[in-house]
Amino acid sequence: MSLSTQAAREFKGTHTDGRTPEELRELVSHVGAELELAPAENIIEWAVATFGERFCITSSMGDAVLAHLASTVAPGIDVVFLDTGYHFVETIGTRDAVEATLPVTLRTVSTELTVAEQDAQYGKDLYKTDPDLCCALRKVKPLADTLAGYDAWATGLRRAETHNRVIAPVVGWDAKKQKVKVSPMARWTDEQVERYIDRHGVLVNPLVHDGYPSIGCWPCTRRVAPGDDPRSGRWAGTTKTECGIHA
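Along every chain, residues carry numbers that run from 1 in the direction the sequence is written. Confidence filtering applies because this is a predicted model: local features only for residues at pLDDT of at least 70, side-chain atom pairs given and counted only at 80 or more, and all residues used for totals across whole chains, interfaces and linings. Hydrogens and water molecules were not included; the side-chain quantities draw on all heavy atoms of the structure.

A. Main features of the overall build of the protein. To qualify as a helix, a DSSP run of H or I must reach at least 4 residues; to qualify as a strand, a run of E must reach at least 2; elements of each kind are numbered from the N terminus. The helix and strand inventory of the protein stands at nine helices and six strands. Throughout, exposure labels follow a simple rule: accessible area from a 1.4 Å probe, protein chains only, divided by the maximum for the residue type, with under 20% read as buried, over 50% as exposed, and the rest as partly exposed. Within the protein, the fraction of its 247 residues that count as buried is 47%. Any pair of residues with heavy atoms lying within 4.5 Å of one another is described as a contacting pair. Summarising the internal contacts of the protein: among those between residues at least 6 apart in sequence, 71% fall at separations of at least 24. Values of accessible area rely on a 1.4 Å probe in the Shrake-Rupley scheme; residue burial ignores everything except the protein chains shown. Here the protein displays about 11800 Å² of accessible surface, and carbon together with sulfur accounts for 53% of that area.

Structure below.
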């Protein structure tokens, strides 16, 4: 039996009881270094075999690379997408295409407040007046609430994307969320991502080919000039570089 097959079987119907934060933190302390140089597929296989249905991946739908990787290991795996109410139409379209074409369980997570309700409570266009609070309400809290049902989550973080992510571990402990955080593509270069997309025909958000290498909410995302930092279009004109999910 291949590791992928075994992991897929482990994924279905096992590890349904959550571990304590202490148990999870101890687990990470033993495996983080061991998996540092492992292929992305093997890292996902380890997570699926270890956490089963209490493991999910998250995707902002800039592309479907992580979702595709995970679906090859554990068909039916949960893919969490945060619907902030401010997404580009192209991003929603990419989400719908991922759900229609990949063997995954797409979980769209909405915010407690609609955009109109947030405007009424905090003032119009909170993303301008207090972008940190806007991200906290529309990204950070909804994700934290959703992850309450999981022990571990995988992200598409890559160290090559920005200097702020150089220290992102492949498998680490998220003290704020009290969860295991897995970044199977952390060591991937831009060229590796492109090769994977081309080899497997992976879905890519059309905005990527229109000058948006890093895609967030439409009010806070701008086109990036060729050769510039791919994330320089996020919160352009401010000192903000992250939404807070990975803080």
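B. Inspection of the nonpolar core at higher detail. Counting residues in hydrophobic clusters, the biggest one holds 43 residues, and the most contacted among them are Phe55, Ile57, Val65, Val171 and Val182. Mapped onto this core, the elements with two or more residues apiece are α2 (21-35), α3 (40-51), β1 (55-58), α4 (65-73), β2 (78-83), β4 (152-154), β6 (179-182) and α9 (190-200). When residues no more than four places from it in sequence are discounted, the contact partners of valine 65 are Met185, Trp188, Val193, Tyr196, Ile197 and Val202. Residue types Ala, Val, Leu, Ile, Met, Phe, Trp, Tyr and Cys, when buried and joined through side-chain atoms within 4.5 Å, form a set referred to as a nonpolar core.

C. Focus on α2. Here, expected helix span is obtained from the residue count minus one, scaled by 1.5 Å. The first and last C-alpha atoms of α2 sit 20 Å apart over 15 residues, in line with the 21 Å expected at 1.5 Å per residue. Taken as a whole, α2 has its buried residues at Leu24, Val28, Val31, Gly32 and Leu35. On its buried face, α2 sits against α3, β5 (171-174) and β6.

D. Representation of the state of the cysteines within the structure. The term disulfide is used for any two cysteine sulfur atoms that are within 2.5 Å. For the structure shown, the criterion picks out zero disulfides. The cysteine cysteine 217 is free of any disulfide, with cysteine 220 supplying the nearest cysteine sulfur at 6.2 Å.

E. Spotlight on empty space enclosed by the protein. Note on definitions: the grid is 1 Å and covers protein atoms alone; a cavity is a set of points where a 1.4 Å probe fits but cannot get out; a pocket is an open set with protein on both sides within 12 Å along at least five of seven lines; lining residues have an atom within 4 Å of a point. Grid points are joined across faces, edges and corners, and a volume is the space filled by probe spheres set on the points. By the definition in use, this model includes one cavity of 30 Å³ or more. Here the largest cavity is characterised by a volume of approximately 100 Å³. Lining the largest cavity are 13 residues, and of these Cys135, Lys139, Cys217, Cys220 and Trp235 sit closest to its centre. Among the elements that make up the lining of the largest cavity, the one with the highest residue count is helix α8 (residues 131-146) (four residues).

F. Spatial organisation of the sheet that holds β2. Note on pairing: two strands pair once DSSP finds at least 2 bridges between them. The strand order across the open sheet formed by six strands is β3-β2-β1-β4-β6-β5, and the pairing between neighbours is mixed. Two strands bound the open sheet, and with one partner strand each, they are β3 (105-110) and β5. Direction aside, the axes of adjacent strands within the sheet are offset by 30° on average. The strands that helix α5 (residues 89-101) touches are β2 and β3; relative to β2, the one it contacts most, it runs at about 160°. Every axis in this analysis is a line fitted to C-alpha atoms, fitted for helices over the stretch in contact. Angles between the N-to-C directions lie between 0 and 180 degrees.

G. Spotlight on the confidence of the model for the protein. The share of residues in the protein with pLDDT of 70 or more is 90%, and the mean pLDDT across the chain is 88. Below pLDDT 50 for its whole length, residues 1-13 participates in 27 contacts with residues either more than four positions away or in separate chains. Confidence scores here are pLDDT values: one per residue, from the predictor, ranging 0 to 100.

H. Expanded view of the pairing of β3. Inspection of the sheet shows β2 paired to β3 by six bridges, in the parallel sense. Within β3, the residue paired with aspartate 78 across the bridge is threonine 105.

I. Local environment of the layout of surface pockets. Of the volumes computed, that of the largest pocket is approximately 1200 Å³. As for the largest pocket, its lining consists of 45 residues, of which Ser60, Gly62, Asp63, Gly156 and Glu161 are closest to the centre. For the lining of the largest pocket, the elements supplying multiple residues, two or more each, are α4, β2, α8 and α9. Take the lining of the largest pocket: its biggest share by element is five residues, from α9.

J. Representation of the environment of threonine 221 within the structure. By the element assignment, threonine 221 lies in the segment after α9. In the structure, threonine 221 is positioned 15 residues away from alanine 236 in sequence and 7.2 Å away in space, judged by C-alpha atoms. Of note is the side chain of threonine 221, whose polar atom sits 3.2 Å from the backbone nitrogen of glycine 216. The definition of a polar contact used here is a pair of N or O atoms within 3.5 Å, where within protein one atom must be able to donate a hydrogen and the other to accept one, and adjacent residues in sequence count solely through side-chain atom pairs. Engagement of the side chain of threonine 221 in a polar contact is seen with the backbone oxygen of cysteine 217, the distance being 2.8 Å.

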